[in-house]
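# Summary of structural features
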Amino acid sequence: MKARVKWVEDRTFVGESGSGHKVVLGTAFGPDGKTPGPSPMELVLLGTGGCSAYDVVQILEKGREAVEDCVVELDADRAEVDPRVFTRIHMHFIVKGRALSPDKVKRAINLSIEKYCSASAMIAKTAEITHDFEVIDTTAK
């Protein structure tokens, strides 16, 4: 895997993945008080959520569950001293579908976090990772 990060100005950078996708990242504040993109640590958190959500959907689909949507809401704390690693991450999964089995959703989430998700495996070296979930049945809708 390859990637490239190029400094643009101030504390603004453009990252390009080996597959050619680009993302602006930075912590410099513009005149409106907003950053030009997510910070590198925000991207790490987003990547962790994305990695696990991908696994959960894939596991449920392989189990022939009628999954229609998966959202992961993340809440994290970081160390107060450098390096400011994540010390706690809570992942709240909201999984929607037709007659989904809560037991299968729970199993998919556990498999992702404990076995398949590379990002959460790395983050677990410094952070306590907790999770919960809710299942929304779309059958009657």
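Residues numbered from 1 in each chain as written. Predicted model: local features only at pLDDT ≥ 70, side-chain atom pairs only at ≥ 80, totals over all residues. Heavy atoms only, no water.

## Digging into the pairing of strand β5 (residues 86-98)
Where strand β4 (residues 66-78) lies against β5, 12 bridges are found, and the strand directions are antiparallel. Looking across to β5, one finds that D77 is bridged to R88. Across 10 bridges, β5 lies against strand β6 (residues 128-137) in parallel orientation. In the strand pairing of β6, I94 is matched with E134. (Pairing = 2+ DSSP bridges. Helix = DSSP H or I, 4+ residues; strand = E, 2+ residues; numbered from the N terminus.)

## Some words on the sheet that holds strand β1 (residues 3-9)
Within the open sheet, the three strands sit side by side as β1-β2-β3. Their pairing is antiparallel. The outermost strands of the open sheet, each flanked by one partner alone, are β1 and β3 (22-26). Between one strand axis and the next, the sheet turns through 25° on average, direction left out of account. Bridging between β1 and strand β2 (residues 12-17) involves six bridges; their strand directions are antiparallel. In the strand pairing of β2, V5 is matched with G15. (Axes fitted to C-alpha atoms, helices over the stretch in contact; angles between N-to-C directions.)

## A look at unusual backbone geometry
Between D82 and the following residue, P83, the backbone shows a cis peptide bond with an omega angle of -5°. Note that P83 resides in the loop between β4 and β5. Positive phi, normally seen in glycine, also occurs at D10, with a value near 40°. The exposed category is assigned to D10, whose relative accessible area is 58%. One non-glycine residue with positive phi stands out, namely A99, at about 50°. (Buried < 20%, exposed > 50% of the residue type's maximum accessible area, 1.4 Å probe, protein only.)

## Concerning the side chain of D55
Mapped onto the fold, D55 is located in helix α1 (residues 40-62). Setting aside residues no more than four positions away along its own chain, D55 makes contact with S112, Y116 and C117. (Contact = heavy atoms within 4.5 Å.)

## Notes on a nonpolar patch on the surface
Residues V5, W7 and F13 make up a contiguous nonpolar surface patch of roughly 320 Å² in combined accessible area. Within the secondary structure, W7 is located in strand β1. For W7, a relative accessible area of 53% corresponds to the exposed category. (Patch = residues over 30% accessible without salt bridge, like charges linked within 9 Å, V, L, I, M, F, W, Y side chains within 5 Å. Areas by Shrake-Rupley, 256 points an atom, 1.4 Å probe, with all protein chains shown as cover. Salt bridge = Lys/Arg side-chain N within 4 Å of Asp/Glu carboxyl O.)

## So, the sheet that holds β4
Pairing within the open sheet is mixed, and its three strands lie in the order β4-β5-β6. Taken across any chain shown, the strands that pair with only one partner, and hence form the sheet edges, are β4 and β6. On average, each strand axis in the sheet is tilted by 15° relative to the strand beside it, whichever way the strands run. Contacting β4 and β5, α1 crosses the sheet at an angle of about 150° to β4. In the packing of helix α2 (residues 102-116) onto the sheet, the strands contacted are β5 and β6, and the crossing angle to β6 comes to about 150°.

## Observations regarding the pattern of salt bridges
Counting across every chain of the model gives four salt bridges. R98 is paired through a salt bridge with E68; the nearest N and O atoms lie 2.4 Å apart. In this pair, R98 sits in strand β5 while E68 sits in strand β4, placing the two residues 30 residues apart along the sequence. R98 sits in the partly exposed class, given a relative accessible area of 46%. Salt bridges linked by common partners bring D75, D77 and R88 together as one network.

Fair warning: the whole summary comes from geometry, so function is off the table for now.
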